[in-house]
Amino acid sequence: MNTANILEIKDLKVIYKTDLEVVEAINGLNLTLGKGKTLGLVGETGAGKTTTALSILKLLPSVTGKILNGSILFDGEEILKMDEKKMQAIRGNRISMVFQDPMTSLNPVLTVGDQIAEAIQLHNPEMSKEDVQKKVASSLELVGIPSWRSVEYPHQFSGGMKQRVVIAIALACEPELLIADEPTTALDVTIQAQVLSMIRDLRDRFNTSMIMITHDLGIVAQTCDDVAVMYAGTIIESGTAEDIFLNKDHHPYTVGLFNSIPNLDVKTDRLSPIEGLMPDPTDLPKGCAFSPRCPHAMEICHQKRPPVYTNNTHNIACFLFLPEGKQGNKGGEE
Amino acid sequence: MYRYVFKRLLFLIPTILGVTLIIYAVMSITPGDPGRSMLGTSAPQADVDAYNEALGYNLPFFQKYLNYLIKMIFHQDFGISYFTKLPVFQEIWPRFLVTIKLAFFGIILSTLVGVPFGIYAAVKQYSAFDTITSLVAFFMAAFPAFVLGLMFLYIFALKLNLLPSYGIATFAHYIMPAMAISIPPAAQNMRFTKSSMLEAIRQDYVRTARAKGAPERTVIWKHTLRNALLPVVTQIGLNLGMLIAGAVVVERIFSIPGIGSLIVDRISYKDEPVIIAGTILISITFTIVMLIVDILYAYIDPRIRAKYAKLKG
């Protein structure tokens, strides 16, 4: 067990099961995050980014969501084997999460001070009332909100301020791992930059490991040490930020992602999106999930899931870089 | 907030004016007159006319209405009943208290049963408890109070001889009518609370609370319930209207001297003073209950409190 890694996810499989259908949200996902590192989890809507995050906290919808197999090691401990009591002690204390939409993620009938205090009290029951209040005040100051506003209600805050409050709640107990699920998607651009640089500063200050879930490659470039690109419930490419941004070899999906960003230096008439749609998660293709959209798809891509090609820290799950790609013989387990 | 309450109380004035006007208008176009009802079908028309004249019944509609308002506002006089010749207030007040008592029991019972069952059914969604209570509530919400009243009479009074079947002499007399009157709204409350809880429990802030590490108990009581209660409080307030209206039938079945049965009785005699005074009393009660609901709303939801604070100017 490598405790230099704060988080190790192996072969995770998650489904959402309803009476009508089974949605295969996560299909054999592998992920590692080193202590103090920041991982950018990139992918389009529906790729399973949020499901991955909720699995780490075991907060999947209880009726439909199910973790079928795999392992999630947090600081060397198996999360999937922990009972609810143990999970409650971890949530908000050692692993925190910042959700996507600040407008709805605060309780409208409680003051923001109470909501921050709750996180502190839950994990420090012995702390006196005054100390909790002091901590609430300092948490607010930390995210750039004057502490007298702790008696105000969420509706008295703007979107960006609300997200700051959500971040203050997440960081109140100085967690070892912070999962930020598209923390800036719902904010306008100027506020995005502020919130993002604040998250970066606080991460460095507390030496928190972080998973930054986003579909914005610009944010990844600014904040992340490592990057994992997700497609249809699996990681199709991962590596250091240098690997992803500077290396020549890429998964065709990653290439498509980069191509769909408009380039200011080159004059073009049209944007170049990736053709086609994400595969239906209730009916995934047998081979590589990206093969129906892939411009380089070969015979073998439609038949088998590609194994991982590794070059130092850079991993790509694609037949293009593997000898089997040309010959079509048996691949690895992934 | 106080200003808001005061303002709302001022709204009572147009409410009362409107209610009395409508009742007077409706009474003036319905056939029949108090003289004929009192003196009987065989009385000569001249006697009937004289009787009506003496009551002031024959005055033009609008003048009658104005006279009534002036007497009510400046002399606190609701007039004399055409039928019993007793002062109206003296006649309706004790009966009003009986109905309020019954409606109060109904509200308490329907809330105490409906809301907790609804909460539990939502928390244990898809459990046996949820399935059974939801099914029972589904049927009970469709049962009119009088059917339940008759069933109770048959079972508890006639067959088992456990409870008295009529009157209001003791507390035991209230049990059956209160049950009959509160079961349909209790079933509604339950269904309403359940759906409201299920709605609230899916909200993002509930997930935030869970992500903080809050135990399920805190998630339900602190984060979900208060948000889910808002529509339920309105529903309970509206129940009161239903209870008073439903009381008429239940009062009849259990021979309870309440205001509902009084008004219905006197409509056939065209006893205008009693009908109008009774209706006014009911509308004032209803308005005050809705005001209490609004104050509770503000207490529960800070966003609404803020809105009221802005209304000051």
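Just so we're clear, the structure is a prediction, and the values are computed from it rather than from any experiment. (Residues numbered from 1 in each chain as written. Chains lettered and ligands numbered in written order. Predicted model: local features only at pLDDT ≥ 70, side-chain atom pairs only at ≥ 80, totals over all residues.)

## A look at the overall build of chain A
No. 1: A count of helices and strands for chain A gives 11 helices and 12 strands.
No. 2: Against the globule reference of 20 Å for 334 residues, chain A gives a C-alpha radius of gyration of 21 Å, in line with a compact fold.
No. 3: Taken over the C-alpha atoms alone, chain A extends approximately 70 × 50 × 40 Å along its principal axes.
No. 4: Within chain A, the proportion of its 334 residues that are buried is 43%.
No. 5: Sequence separation of at least 24 residues holds for 66% of the intrachain contacts in chain A that already meet a minimum separation of 6. (Helix = DSSP H or I, 4+ residues; strand = E, 2+ residues; numbered from the N terminus. Rg over C-alpha atoms; globule rule 2.2 N^0.38 Å. Buried ≥ 20, exposed ≤ 12 C-beta atoms within 10 Å, placed from the backbone. Contact = placed C-beta atoms within 7 Å.)

## Observations concerning the overall build of chain B
No. 1: Check the secondary structure of chain B and you find 14 helices and zero strands.
No. 2: When the helices and strands of chain B are read in sequence order from the N terminus, they spell out α-α-α-α-α-α-α-α-α-α-α-α-α-α.
No. 3: Taking the principal axes of its C-alpha atoms as reference, chain B extends roughly 85 × 65 × 30 Å.
No. 4: In chain B, buried positions account for 35% of the 313 residues.

## Looking at the sheet that holds strand β5 (residues 77-78) of chain A
All names here are of chain A.
No. 1: Judged by pairing direction, the sheet is antiparallel, and its four strands sit side by side in the order β2-β1-β4-β5 without closing on themselves. The strands lining the two open edges of the sheet, one partner per strand, are β2 (22-34) and β5.
No. 2: Taken together, the 10 bridges between strand β1 (residues 5-17) and β2 define a ladder with antiparallel strand orientation. Within β2, the position partnered with Tyr-16 by the bridge is Val-23. (Pairing = 2+ DSSP bridges.)

## Some points on unusual backbone geometry
All names here are of chain A.
No. 1: Positive phi, close to 50 degrees, is recorded for Asp-11, a residue that is not glycine.
No. 2: On the secondary structure map, Asp-11 appears in strand β1.
No. 3: Within the chain, Lys-58 stands out as a residue other than glycine whose phi angle is a positive 50 degrees.
No. 4: For Lys-58, a count of 22 C-beta atoms within 10 Å gives the class buried.

## Some points on the packing of helix α6 (residues 88-123) of chain B against helix α13 (residues 272-300) of chain B
Residues and elements named next belong to chain B.
No. 1: At a closest axis distance of 10 Å, the pairing of α6 and α13 adopts a crossing angle of 45 degrees. One finds that α6 runs oblique with respect to α13. The element α6 and its partner α13 pack so that their crossing is right-handed. The segment α6 lies against α13, with Val-88, Phe-89, Glu-91, Ile-92 and Phe-96 engaging Pro-273, Val-274, Ala-277, Gly-278 and Leu-281.
No. 2: Of the residues that constitute the contact of α6 with α13, the class distribution is eight nonpolar, one polar and one charged. (Axes fitted to C-alpha atoms, helices over the stretch in contact; angles between N-to-C directions. Parallel < 35°, antiparallel > 145°, perpendicular 65-115°, else oblique. Left-handed = near helix turned anticlockwise from the far one by under 90°. Nonpolar A, V, L, I, M, F, W, Y, C, P; charged D, E, K, R; others polar.)

## Details of the pairing of strand β4 (residues 65-74) of chain A
All names here are of chain A.
No. 1: Sheet topology note: the β1/β4 ladder contains eight bridges and is antiparallel. If you follow Lys-10 over to β4, its bridge partner there is Ser-71.
No. 2: As defined by bridge partners, β4 adjoins β5 across two bridges and the pair is classed as antiparallel. Residue pairing across strands places Phe-74 opposite Glu-77, the latter belonging to β5.
No. 3: As consecutive antiparallel partners, β4 and β5 are separated by two residues, and within that stretch Asp-75 has a phi angle of approximately 55 degrees, a positive value.

## Topic: the packing of helix α2 (residues 12-29) of chain B against helix α5 (residues 61-75) of chain B
All names here are of chain B.
No. 1: Between α2 and α5, whose axes approach to 11 Å, the crossing angle comes to 140 degrees. When the axis of α2 is compared with that of α5, the two are oblique. As α2 packs across α5, the resulting crossing turns out to be right-handed. Here Thr-20, Leu-21, Tyr-24 and Ser-28 of α2 come into contact with α5, specifically with Phe-61, Tyr-65 and Leu-69.
No. 2: Class assignment of the residues belonging to the contact of α2 with α5 gives a composition of five nonpolar, two polar and no charged.

## What about helix α1 (residues 49-57) of chain A?
One full turn of an α-helix is made of 3.6 residues, so residues set three or four places apart face in the same direction.
All names here are of chain A.
No. 1: The buried fraction of α1 is high, at eight of nine residues.
No. 2: Looking only at α1, the buried set comprises Lys-49, Thr-51, Thr-52, Ala-53, Leu-54, Ser-55, Ile-56 and Leu-57.
No. 3: A positive phi of about 50 degrees marks Lys-58, the residue just after α1.

## Let's talk about the interface of chain B and chain A
Many descriptions give the size of an interface as the accessible area lost when the pieces come together.
No. 1: The partner chain A presents 25 residues to the 21 residues of chain B that form the contact.
No. 2: With seven residues, helix α10 (residues 204-211) of chain B is the single largest residue contributor to the side of chain B that touches chain A.
No. 3: The class makeup of the residues in the side of chain B that touches chain A is nine nonpolar, five polar and seven charged.

## Quick look at the nonpolar core
No. 1: Grouped together as the largest cluster of nonpolar side chains are 90 residues, with contacts concentrated most on A:Ile116, A:Ala168, A:Ile179, A:Ile211, A:Met212, A:Val229 and A:Tyr231.
No. 2: With residues near it in sequence (within four places) discarded, A:Met212 still touches A:Thr38, A:Leu39, A:Gly40, A:Leu41, A:Ala180, A:Ile219, A:Thr223 and A:Cys224. (Core = buried A, V, L, I, M, F, W, Y, C linked by C-beta atoms within 7 Å.)

## So, the confidence of the model for chain B
Predicted coordinates in regions of low pLDDT should not be interpreted in detail.
Residue and element names in this part refer to chain B.
No. 1: Summing up the model confidence of chain B, the mean pLDDT is 84 and the portion of residues at 70 or higher is 98%.
No. 2: In the model of chain B, helix α3 (residues 34-39) stands out as the element of lowest mean pLDDT, 78, in contrast to α10, which has the highest, 92.
No. 3: The ipTM for the predicted assembly is 0.85, set against a pTM of 0.81. (pLDDT = per-residue confidence, 0-100.)

## So, the environment of A:Ile179
Residues and elements named next belong to chain A.
No. 1: With respect to the helices and strands, the residue Ile-179 is situated in strand β7 (residues 177-181).
No. 2: Through-space distance from the C-alpha of Ile-179 to that of Ile-213 is 7.5 Å; in sequence the pair is 34 residues apart.
No. 3: In this view, Ile-179 contacts Ala-53, Ile-56, Ile-95, Met-97 and Ile-211; residues no more than four positions away in its chain are not counted.

## Thoughts on the sheet that holds β7(A)
In any sheet, the strands associate via hydrogen bonds between backbone groups, in a parallel or an antiparallel arrangement.
Residue and element names in this part refer to chain A.
No. 1: One open sheet accounts for eight strands, arranged β6-β7-β8-β3-β9-β10-β12-β11; its pairing is mixed. One side of each edge strand has no neighbouring strand; the edge strands of this open sheet are β6 (95-98) and β11 (309-311). Shown here is a sheet whose adjacent strand axes are inclined to one another by a mean of 15 degrees, direction ignored.
No. 2: Bridge count between strand β3 (residues 38-42) and strand β8 (residues 209-214): five bridges; the pairing is parallel. Its bridge partner being in β8, Leu-41 is matched across the sheet by Ile-213.
No. 3: Of the strands in this sheet, β6 and β7 touch helix α5 (residues 159-171), which is tilted by about 175 degrees from β6.

## Some words on the environment of A:Val42
No. 1: Looking at the element boundaries, A:Val42 is found in strand β3.
No. 2: Setting aside its immediate chain neighbours within four residues, A:Val42 contacts A:Thr214, A:His215, A:Leu217, A:Val220, A:Val227, A:Val229 and A:Met230.

## Quick notes on the pairing of β3(A)
Residues and elements named next belong to chain A.
No. 1: Here β3 lies mainly inside the structure; five of its five residues are buried.
No. 2: As paired elements, β3 and strand β9 (residues 226-231) share four bridges and run parallel to each other. Considered in β9, the bridge of Gly-40 is made with Val-227.

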